[in-house]
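# Structure assessment
For reference, the chains in residue letters:
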Amino acid sequence: MLGHLGFSYVGLIYLLMLWIPNTMWSKNKPIDYDITQENKILLLFERVGQACCTCSILIFSDFNIRTFSAWSLWLIALFLLMILYEIYWVRYFTNEHTEKNFYRSICGIPVPGASLPVLAFLLLGIYGKVIWLIASAIIIGIGHIGIHIQHLKAIK
């Protein structure tokens, strides 16, 4: 449960699936996006979770693909979540750049820009049996999903 040190190419792929659309988003933020009222405690959880998830996902080889088994379904499930995450971003970038569009649910999943990657982090931690990533996913989930829910409530 502690993990085996070594590079994770699956972790790198996962991070690229996160970073590429987020980099594009930083240049195409919603026109009405306002971070001035974000809860500072949730922001701390988010930042600590981001750092811990990024480190954990790259330094443990337990996330790399192994012989296919029933346990591999965790990996398949998390990549399906990440594909849905990419679809979420395509929908955002091809529509009006507003907070309403940004926080619109997808397939019934609320605040998908926050929920989907956090769930995928959690599933990757379970797949790799690495407690550090599971704990990091919970920490980032509290902050990241909490902040996004705060924004969603503000626009309603």
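Counting restarts for each chain: residues are numbered from 1 in the order of the written sequence. Local features in this predicted model are restricted to residues whose pLDDT is 70 or higher, and side-chain atom pairs enter the listing and the counts only when it is 80 or higher, whereas totals over whole chains, interfaces and linings include all residues. Note that water and hydrogens are dropped before the side-chain values are worked out from all heavy atoms of the structure.

Take the environment of Trp25 next. Inspection of the secondary structure assignment puts Trp25 in helix H1 (residues 9-26). Once the C-alpha coordinates of Trp25 and His97 are considered, the two residues, 72 residues apart in sequence, prove to be 9.5 Å apart. Contacts are residue-level and defined by heavy atoms, with any inter-residue pair within 4.5 Å sufficient. When sequence neighbours within four positions are dropped, the list of residues in contact with Trp25 reads Pro30, Tyr33, Trp89, Tyr92, Phe93 and Phe102. Helix and strand assignments come from DSSP, with helices taken as H or I runs of at least 4 residues and strands as E runs of at least 2, each series counted from the N terminus.

Confidence of the predictor at the level of single residues is given by pLDDT, which spans 0 to 100. Averaged over all residues, the pLDDT of the protein is 94; the fraction at 70 or higher stands at 100%. Within the protein, the element-level pLDDT minimum falls on helix H4 (residues 99-102), averaging 89, and the maximum on helix H2 (residues 40-59), averaging 97.

A few words now on the side chain of Ser8. As for its placement among the helices and strands, Ser8 is situated in the segment before H1. Classification of residues uses two cut-offs on accessible area relative to the type maximum, computed with a 1.4 Å probe and protein chains only: under 20% is buried, over 50% is exposed, and between them is partly exposed. Given a relative accessible area of 0%, Ser8 falls into the buried group. Reaching out from Ser8, the side chain makes a polar contact with the backbone nitrogen of Gly11 at a distance of 2.9 Å. In contact with Ser8, other than residues within four places in its own chain, are Ile57, Leu58, Phe60, Phe63 and Asn64. Pairs of N or O atoms are called polar contacts if they sit within 3.5 Å, as long as, within protein, a hydrogen donor faces a hydrogen acceptor (for residues adjacent in sequence, only side-chain-to-side-chain pairs).

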